[in-house]
There are 2 protein chains.
Amino acid sequence: MSSVIQVTLPHTSYNIVIDPNSLGTIGRYLDSLQLGQKVMVISNPEIFNYYGKTVINSLKKTGFEVFSHLIPPGETYKTLDSISQVYDVALKYRLERSSTLLALGGGVIGDMTGFAAATWLRGINFVQVPTSLLAMVDASIGGKTGVNHPQGKNLIGAFYQPRLVFIDPMVLKTLPVREFRAGMAEVIKYGVIWNQDLFNQLEAQKNLDSLDNINLEILQEIIKKSCQAKVDVVNQDEKEAGLRAILNYGHTIGHAIESLTGYSQINHGEAVAIGMVAAGKIAVKSGMWTKEMSQRQDDLIKKAALPESIDKSLKSQKIIETLQLDKKVKAGKVRFILPTNIGKVDIKEEIPSEVINTVLEEMKRT
Amino acid sequence: MSSVIQVTLPHTSYNIVIDPNSLGTIGRYLDSLQLGQKVMVISNPEIFNYYGKTVINSLKKTGFEVFSHLIPPGETYKTLDSISQVYDVALKYRLERSSTLLALGGGVIGDMTGFAAATWLRGINFVQVPTSLLAMVDASIGGKTGVNHPQGKNLIGAFYQPRLVFIDPMVLKTLPVREFRAGMAEVIKYGVIWNQDLFNQLEAQKNLDSLDNINLEILQEIIKKSCQAKVDVVNQDEKEAGLRAILNYGHTIGHAIESLTGYSQINHGEAVAIGMVAAGKIAVKSGMWTKEMSQRQDDLIKKAALPESIDKSLKSQKIIETLQLDKKVKAGKVRFILPTNIGKVDIKEEIPSEVINTVLEEMKRT
């Protein structure tokens, strides 16, 4: 059974389809969109090896003319140069305004494909087929596309909406378990910031640490609720004027830790998990959240086998300094997204450094 | 006295201000837009030498923090690489979401600055200060931004609207006369395709061949009516679905001639002038337009000292073949925009090659 979320924006609308075991029928979904004949699949070699043939065969069977272009995996290739190569291939295959770029991959592939689609011939069709849990519930929704500048992540990009987001949760079976857990961190985030039902549903699960330990129907529901949460927030704030900031729950300290550890030891989801634990504790210390709720959040993080503590080699003072350098910081004041309930957060402008420091020290791994 | 055209689109709105002798007060206009403090002026060395100081001083006096970046003149530099350099400078000066890129120059500078603004931090503010007549009445309006691909013009780009288009017609005094005339070709085009009043006003002028021969108030009106014509058409068709095609009047054969002569001997406006003469004759032969109206158009083109004939070294058959290769051609059928009155055109899907050939042969310079 497929679930559909309709995303309606002032100038466009599209569907997020969640349909387990249906990757082989994706052509049917594209067929209903009245796209032009040409589709170019952008992927990375590993993912393409798993799912490329299935997607291409389905598209061909539906009558599309299909091309493909592979980009090596990882942030290192998330560059303007990779986009330039997509342009060359788009020219080679004579893609037209009505043609489609289809992103088959995780967040990096989605961001790059979206940016290429946004900027080739001033915008051609874009379809997202996320293959990581993180991309399904986060990166593929909201229209953020782009690449890195040598000196900063995602500095080059555009807001550009897809014509379709197509999610087959079964592709997660080839996702490394650590990446599955990283996606689960964002799922837990939606439970804390937006949807109490989702939170309760996660609590009702025995395990959240791998695909094998979650019932497929439950997984589909969890993905749907997560997507819906992001859609709700983004719909109210497409261009990041205000509300969208709550999606950064757990990301403030998370980003600082990612940056200090060079984006290598700890992945994004793990950093967010640590950041949520910290934010929860800060909220408790600020009298905004109960200790019991904070504990319930931390229990979910544990159930997803995500980290809750900070390596003691990371100096708290260093983390606080990094926070103050963040681009989201205004005039040195660190803004935190803090929970006030299960499913509800508030934006708190000034948290004293001493409170942050105390919490970080409490979280040091012993 | 300044004239203002309000452009209202579904998702944004902005003003086109035409204000002679007011470049030195541009800061005031930006001040009312609630932009962030940082403005980066993008220009080319020659234009910056003429007007850079005036613009920068006015912006500084209004309280902006101003930076500048120069790009060498010409299509050769309209590349992704030039944009990449703008990104580097944007990073160096730490431009923020609320910062502004201001294009001070002709169409090339405007297109590039707009694309950089569209894609830095997923979109920052963009202000157009066109310094050529062509950019004032055409390129600066409609939201088309972009750069060339080595194998094709404007293949990389985005639709992105400015926050303000600021036109001081007096900057045209430093524009080479041949470029002034090229802009006048587009002005005449608006008279033919959209605005009979404008056409009549042009007919009432003794000369249209240089700034010195036109009264400043009349020039302001002509620019205003031309901008309004483009705004009217684009407003009804922002993303080029249908009506916008009429702006290509004169461009079908014009582009073929530009392409065959290597974009060097003949400039864009001159090619459009020749294209309009040809389209007029085709319309007459197709029984859509009167010979008298066609002659009135050709008289305006002559008055602007624009070319009306085709060099006999250009083979008509070659032009027709080039038409059939154009990206706007569907299934080998050449679509023409043809006049049906003064101020009115129609789209004609299939014009027999023999008719085109006869007209081209008639236009051969003897």
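Residues numbered from 1 in each chain as written. Chains lettered and ligands numbered in written order. Predicted model: local features only at pLDDT ≥ 70, side-chain atom pairs only at ≥ 80, totals over all residues. Heavy atoms only, no water.

(A) A look at the interface of chain B and chain A. In this assembly, 25 residues from chain B lie in contact with 25 residues from chain A. Both sides of the chain B and chain A interface together cover about 2200 Å² of buried area, and 61% of this is carbon and sulfur. Contact with chain A buries surface across chain B, with Leu91(B), Arg122(B) and Leu155(B) losing the most and accounting together for 31% of the total. On the surface where chain B and chain A come into contact, there are eight residue pairs in polar contact (both at pLDDT 80 or more). Looking at the side of chain B that touches chain A, the elements with two or more residues in it are helix H3 (80–92), helix H4 (107–119), strand S7 (144–149) and strand S8 (152–159) of chain B. (Contact = heavy atoms within 4.5 Å. Buried area = accessible area lost by both parts, 1.4 Å probe. Polar contact = N/O pair within 3.5 Å; in protein donor to acceptor, adjacent residues only side chain to side chain. Helix = DSSP H or I, 4+ residues; strand = E, 2+ residues; numbered from the N terminus.)

(B) How the structure looks around the side chain of Asp298(B). Residue and element names in this part refer to chain B. The residue Asp 298 is located in helix H11 (residues 291–303) in this model. Although Asp 298 is buried, it makes no salt bridge; Lys 281 carries the closest opposite charge, 4.4 Å away. Apart from residues no more than four positions distant in its own chain, Asp 298 is found in contact with Val 277, Lys 281 and Glu 308. (Buried < 20%, exposed > 50% of the residue type's maximum accessible area, 1.4 Å probe, protein only. Lys, Arg positive; Asp, Glu negative; His and termini not counted. Salt bridge = Lys/Arg side-chain N within 4 Å of Asp/Glu carboxyl O.)

(C) Spotlight on helix H7 (residues 196–204) of chain B. Residue and element names in this part refer to chain B. Listed as buried for H7 are Leu 198, Phe 199, Gln 201 and Leu 202. Buried residues of H7, seen end-on, are gathered within an arc of 165° and therefore sit on one face of the element. Of the residues in H7, the exposed ones pointing more than 90 degrees away from the buried face are Asp 197 and Ala 204. In this fold, the buried residues of H7 make contact with helix H6 (177–193), helix H8 (216–235) and H11. (Arc of directions from axis to C-beta.)

(D) Quick look at the sheet that holds strand S5 (residues 100–105) of chain A. Residue and element names in this part refer to chain A. Spatial strand order, S1-S2-S9-S6-S5-S3-S4: seven strands in an open sheet with mixed pairing. The sheet is open, and its two edges are formed by strand S1 (3–8) and strand S4 (65–70), each paired on a single side. Neighbour-to-neighbour, the strand axes of this sheet turn through a mean angle of 20°, independent of strand direction. The pairing of strand S3 (residues 38–43) with S4 spans six bridges and is classified as parallel. Its bridge partner being in S4, Met 40 is matched across the sheet by Phe 67. The strands touched by helix H3 (residues 80–92) within the sheet are S3, S4 and S5, with S3 carrying the most contacts at an inclination of about 155°. The strands touched by helix H8 (residues 216–235) within the sheet are S1, strand S2 (13–18) and strand S9 (164–167), with S1 carrying the most contacts at an inclination of about 5°. (Pairing = 2+ DSSP bridges. Axes fitted to C-alpha atoms, helices over the stretch in contact; angles between N-to-C directions.)

(E) Molecular detail of the domain arrangement of chain A. All names here are of chain A. Segmentation of chain A into domains returns domain 1 (3–174) and domain 2 (177–362). Measuring from the centre of the C-alpha atoms in domain 1 to the corresponding centre in domain 2 gives 27 Å. Carbon and sulfur atoms supply 70% of the area buried between domain 1 and domain 2, which totals about 2500 Å² over both sides. If you sort the residues of domain 1 by the area they bury against domain 2, Ile 5, Leu 133 and Val 137 come out on top, with a joint share of 23%. Applying the counting rule to domain 1 against domain 2 returns one salt bridge. (Domains from an automatic or database assignment.)

(F) Representation of the UniProt feature "binding site: Zn(2+)" (unreviewed entry) in chain A. Residue and element names in this part refer to chain A. On the UniProt side, "binding site: Zn(2+)" (unreviewed entry) is annotated at positions that read Glu 186, His 251 and His 268 here. A maximum C-alpha distance of 10.1 Å places the annotated residues, which cover 83 residues in sequence, within one compact spot. Along the chain, His 251 turns up in helix H9 (residues 251–260). Owing to a relative accessible area of 6%, His 251 belongs among the buried residues under this scheme. Setting aside its immediate chain neighbours within four residues, His 251 contacts Glu 186, Lys 189, His 268 and Val 272. With respect to the secondary-structure elements, His 268 resides in helix H10 (residues 268–285). Exposure remark for His 268: the relative accessible area of 21% places this residue in the partly exposed category. (UniProt positions renumbered as here; feature names shortened; annotations may be inferred.)

(G) Quick peek at the sheet that holds strand S9 (residues 164–167) of chain B. Residue and element names in this part refer to chain B. Judged by pairing direction, the sheet is mixed, and its seven strands sit side by side in the order S1-S2-S9-S6-S5-S3-S4 without closing on themselves. Here the strands that pair on one side only, and so sit at the sheet edges, are strand S1 (3–8) and strand S4 (65–70). Taking each pair of neighbouring strands and ignoring which way they run, the sheet shows an average axis angle of 20°. For strand S6 (residues 125–130) and S9, the ladder comprises two bridges, and the chain directions are parallel. Paired with Gln 128 across the two strands is Val 165, which belongs to S9. The strands touched by H4 are strand S3 (38–43), strand S5 (100–105) and S6; relative to S5, the strand with the most contacts, the crossing angle is about 170°.

(H) Broad picture of the relation of the copies chain B and chain A. Laying chain B over chain A is done by rotating through 180° and shifting 0.0 Å along the axis; what remains is an RMSD of 0.0 Å. Taken together, the rotation and translation relating the two chain copies correspond to the operation of a two-fold axis. Distance from the rotation axis, computed per C-alpha, reaches its smallest value in chain B at His11(B): 3.6 Å. Most of the interface of chain B is mirrored in chain A, where 100% of its interface residues are also at the interface. (Least-squares fit on C-alpha atoms with pLDDT ≥ 70 in both.)

(I) Region of the structure containing unusual backbone geometry. The backbone of Ala305(A) shows a phi angle near 55°, a positive value even though the residue is not glycine. In this fold, Ala305(A) is placed in the loop between helix H11 (291–303) and helix H12 (316–325). We classify Ala305(A) as partly exposed; its relative accessible area is 39%. Positive phi values are uncommon outside glycine, yet Arg122(B) reaches one of about 60°.

(J) Broad picture of the pairing of strand S11 (residues 344–348) of chain A. Residue and element names in this part refer to chain A. Where strand S10 (residues 336–341) lies against S11, five bridges are found, and the strand directions are antiparallel. Residue pairing for S11: Leu 338 is matched across the bridge by Asp 346. Here S10 folds back onto S11 in antiparallel fashion, the turn holding two residues, of which Gly 343 has a positive phi close to 95°.

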